[in-house]
Amino acid sequence: MSAEISRDIIKAAELLRAGKLVAIPTETVYGLAANALAPDAVINIFETKNRPHFDPLIVHVSSAEMANEYVKDLPGVAIKLMKAFWPGPLTIVLRKKNIIPDIVTSGLETVGVRMPDHQLTLDLIAETGFPLAAPSANPFGYISPTSALHVMDQLGEKIPMILDGGDCQVGVESTIIDCTSEIPTVLRLGGTSMEKLMSIVGEVNLDTSGGSAPQAPGMLLSHYAPRKKLLLGNIHELLHDHNENISILSFRDQFHNFKNIRLSETGDLHEAARNLFSALRKLDEDSTTMILAEPVPDYGIGRAINDRLRRASHVG
Ligand code: TXA
Ligand code: MG
């Protein structure tokens with residue numbers, strides 16, 4: 001049996017109501033969704049992804065009003081952030097109500113809520129009437145999927161349906177911001193830049209340290225990783241020591257005589273983010289044994305790209 005790929009939200013809603021999993025498109029990456037209010041459905045997500053139970057899931061809603069049903073209080077900053085960035089690539093961590101099962105939040109008192117910017121998925125949530133718990137639709141630790149075919153390649157045999165919403169338009173996961181502290185704290189860099197967040201709420205802390213019992217395991221050092229070794233640095237310098245059997249992932253420069261994917265020929269960071277994960281997948285699948293990659297300019301969404309490249313790179 002392999003997954004049906006279609007745009008049929010009525011069928012997707014039926015499956016979700018029956019406690020099954022459906023892969024859903026969002027503007028960031030594809031998610032692996034279950035009814036967030038049904039623990040028996042949510043448990044399938046962890047099994048299908050091989051995901052550790054200490055890693056909490058994001059709850060997807062179709063409006064700010066819907067988010068409000070699942071959180072204890074909405075601080076002023078959270079309201080401002082929702083107004084400015086929803087629908088969009090921003091997950092807001094707030095104190096949860098009991099109706100959100102513990103398995104969704106790994107026992108935390110908080111829940112990450114987000115309204116994705118993809119009409120098909122917003123229609124699906126409206127159709128079901130319940131929120132969708134969804135991590136990225138990849139095996140734990142591997143590169144996130146940005147097309148229905150990416151999901152098919154890895155989870156196609158394990159789930160009944162992939163809702164096809166085309167290629168993801170942002171291409172890196174949502175930014176996660178914790179609004180339960182006095183000063184909001186970014187736990188994961190992502191599709192909404194620090195600069196944009198600060199323009200709306202002023203002071204914002206950044207704490208992506210994670211550690212061994214991370215608050216956001218997306219922050220585990222080795223994550224979003226290809227199977228091949230990836231070295232991150234100045235490509236010309238890396239080429240001194242490694243010039244055989246390698247592929248190159250560059251920002252805009254072209255490297256002749258090598259297998260080379262350029263993230264954006266025009267140097268556009270948004271285009272680079274959109275291309276990042278599919279480029280990593282292609283290079284992971286080709287016949288070389290190592291990937292050489294370089295950081296992109298470290299501002300705006302470029303910071304999220306560099307974060308993912310670091311986590312994809314070989315450590316130690
Ligand atoms: O763009 C995205 O956020 C995608 C799409 C599908 O929405 N989802 C996604 O989910 O990236 P996932 O599970 O791969 O990453 C979610 C991260 C995890 O690292 C998790 O630890 C963190 O969000 N998270 C979820 N709830 C949290 C909470 N209450 N407190 C702190 N971190 C939380
Ligand atoms: Mg993920």
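As a reminder, the structure under discussion sits directly above these lines.
Residues numbered from 1 in each chain as written. Chains lettered and ligands numbered in written order. Predicted model: local features only at pLDDT ≥ 70, side-chain atom pairs only at ≥ 80, totals over all residues. Heavy atoms only, no water.

### Topic: the layout of surface pockets
Thinking step 1. There is about 160 Å³ of room inside the second largest pocket.
Thinking step 2. Together, Phe85, Pro89, Gln169, Val170, Gly191, Thr192, Lys196, His270, Ala273, Arg274 and Ile301 line the second largest pocket.
Thinking step 3. Counting residues per element, the lining of the second largest pocket draws most heavily on helix α10 (residues 269–285), at three residues.
Thinking step 4. Of the residues contributing to the lining of the second largest pocket, the split by class is five nonpolar, four polar and two charged.
Thinking step 5. Here the lining of the second largest pocket spans two domains, since at least three of its residues come from each of domain 1 (4–76 + 86–170) and domain 2 (229–313). (1 Å grid on protein atoms, 1.4 Å probe; cavity = no way out; pocket = protein on both sides within 12 Å on 5 of 7 lines; lining within 4 Å. Points joined across faces, edges and corners; volume = space filled by probe spheres on them. Helix = DSSP H or I, 4+ residues; strand = E, 2+ residues; numbered from the N terminus. Nonpolar A, V, L, I, M, F, W, Y, C, P; charged D, E, K, R; others polar. Domains from an automatic or database assignment.)

### Overview of empty space enclosed by the protein
Thinking step 1. Inspection of every chain in the model, using the stated rule, returns one cavity of 30 Å³ or more.
Thinking step 2. The volume enclosed by the largest cavity comes to roughly 40 Å³.
Thinking step 3. Lining the largest cavity are Leu189, Gly190, Thr192, Ser193, Met194, Glu195, Gly300, Arg303 and Ala304.
Thinking step 4. Residue classes in the lining of the largest cavity are distributed as three nonpolar, four polar and two charged.

### A short note on the packing of helix α4 (residues 76–85) against helix α8 (residues 194–201)
Thinking step 1. Interaxial distance between α4 and α8 falls to 10 Å at its minimum, and their mutual angle equals 125°. Here α8 runs oblique to α4, going by the angle between their axes. In this structure, α4 crosses over α8, and the sense of that crossing is right-handed. Facing Val77, Lys80, Leu81, Ala84 and Phe85 of α4, the residues of α8 in contact are Lys196, Leu197, Ile200 and Val201.
Thinking step 2. A class-by-class count of the residues in the contact of α4 with α8 yields seven nonpolar, no polar and two charged. (Axes fitted to C-alpha atoms, helices over the stretch in contact; angles between N-to-C directions. Parallel < 35°, antiparallel > 145°, perpendicular 65-115°, else oblique. Left-handed = near helix turned anticlockwise from the far one by under 90°. Contact = heavy atoms within 4.5 Å.)

### Focus: the pairing of strand β13 (residues 246–250)
Thinking step 1. Across the five residues that make up β13, a large majority, five, are buried.
Thinking step 2. Residues of β13 alternate between two faces, with Ile246, Ile248 and Ser250 on one and Ser247 and Leu249 on the opposite face, all of them buried.
Thinking step 3. When β13 meets strand β15 (residues 290–293), the two strands line up parallel, connected through four bridges. Residue pairing in the sheet places Ser247 in a bridge with Ile291 of β15.
Thinking step 4. Pairing between β13 and strand β14 (residues 259–262): four bridges, direction parallel. Bridged to Ser250 within β14 is Arg262. (Buried < 20%, exposed > 50% of the residue type's maximum accessible area, 1.4 Å probe, protein only. Pairing = 2+ DSSP bridges.)

### What about the sheet that holds strand β8 (residues 161–163)?
Thinking step 1. If you trace the eleven strands from one edge of the open sheet to the other, you get β1-β8-β2-β3-β7-β4-β6-β5-β9-β10-β11, paired in mixed fashion. Two strands lie at the open edges of the sheet, namely β1 (4–6) and β11 (205–206), each paired on one side alone.
Thinking step 2. Where β1 and β8 come together, three bridges link them in parallel fashion. When the bridges of β8 are listed, Glu4 appears paired with Met161.

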